[in-house]
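Examination of the molecular architecture
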Amino acid sequence: MWKPFQSVDVRIATPEAKHTGTSIFRRLSRLLVADNGNAMVELAVAIPILLLLAIGVADYARVYFAEIAVANAARSGAEYGVKTAGQVDSMTHGAKLEAGNDSVGMVITAGTFCTCPAGGPPPDCVTGDCGSYGVPRAFDSVAVKKVVRFFFRYLDLPDSAVVRRKSILRGV
């Protein structure tokens, strides 16, 4: 009886179709062995490029980490200044505490300054006099700088990066 959707098995006779599965693996293995060192040459070309890329990523990560540490140290130092009525030593100490072991090589500059609210002449922070401009506002400022040296000198780029952050908070 005839079926309308009958499957038909059609095979095309090719030289490869005559071989069994094991002989195909033998042919492939012969092709792979016949490279005669091409992979070694490719590896010798690729390894320096990949190594340079890895060192570049590590240098970028170090600069990024230093930037975070410097910003946190500046903020923490200014917060210590607000808590201690602008004592410069405590602001420097607070910045070093926040940075921890990363404070090695950091240059920390702390200070206080005053301004008049209406934009008058700079007031005297000791006497607290702005004249007719009102009561002076006191600010605590901490600036932190760190130089990060790169692992490797890249072409014509500098061999280090300078990371700077300044934090200013209004004192009491």
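The rules behind the values
- Residues numbered from 1 in each chain as written.
- Predicted model: local features only at pLDDT ≥ 70, side-chain atom pairs only at ≥ 80, totals over all residues.
- Heavy atoms only, no water.
- Helix = DSSP H or I, 4+ residues; strand = E, 2+ residues; numbered from the N terminus.
- Buried < 20%, exposed > 50% of the residue type's maximum accessible area, 1.4 Å probe, protein only.
- Salt bridge = Lys/Arg side-chain N within 4 Å of Asp/Glu carboxyl O.
- Core = buried A, V, L, I, M, F, W, Y, C linked by side-chain atoms within 4.5 Å.
- Contact = heavy atoms within 4.5 Å.
- Pairing = 2+ DSSP bridges.
- Axes fitted to C-alpha atoms, helices over the stretch in contact; angles between N-to-C directions.

With that settled, consider unusual backbone geometry. At Ala85, a position not held by glycine, the phi torsion is positive, near 60°. Tracing the backbone through its elements, the reader meets Ala85 in the loop between helix H2 (38-83) and helix H3 (88-99). Residue classification places Ala85 among the exposed residues on the basis of a relative accessible area of 65%.

Let us now look at the pattern of salt bridges. The final tally for this structure, using the stated rule, is three salt bridges. With its nearest N and O atoms 2.6 Å apart, the salt bridge here joins Arg165 to Glu67. Of the two residues, Arg165 sits in strand S3 (residues 160-170) while Glu67 sits in helix H2, which places them 98 residues apart along the sequence. By relative accessible area, Glu67 is classed as partly exposed at 30%.

The next point concerns the nonpolar core. Judged by nonpolar contacts, the single largest core of 18 residues is most densely connected at Ala73, Met106, Ile108, Val142 and Val144. Elements that contribute at least two residues to this core include exactly H2, H3, strand S1 (106-115), strand S2 (137-149) and S3. Here this core gets seven residues from one element, more than from any other, and that element is H2. With residues near it in sequence (within four places) discarded, Val144 still touches Val70, Ala73, Ala74, Met106, Val107, Ile108, Val163, Arg164 and Arg165.

Ordered by their spatial adjacency, three strands build an open sheet running S1-S2-S3, and the pairing between neighbours is antiparallel. Two strands close off the open sheet at either side, each with one partner strand: S1 and S3. Taken pair by pair, the neighbouring strands of this sheet meet at an average axis angle of 15°, ignoring direction. In this sheet, S3 lies alongside S2 in antiparallel orientation, the contact comprising 11 bridges. Note on S3: the bridge partner recorded for Ala143 is Lys166. Docked against the sheet, H2 engages S1, S2 and S3, running at close to 25° with respect to S3. Packing against the sheet, H3 makes contact with S1 and S2, and its axis sits at approximately 140° to S1.

The values are spatial; any link to function lies outside them.
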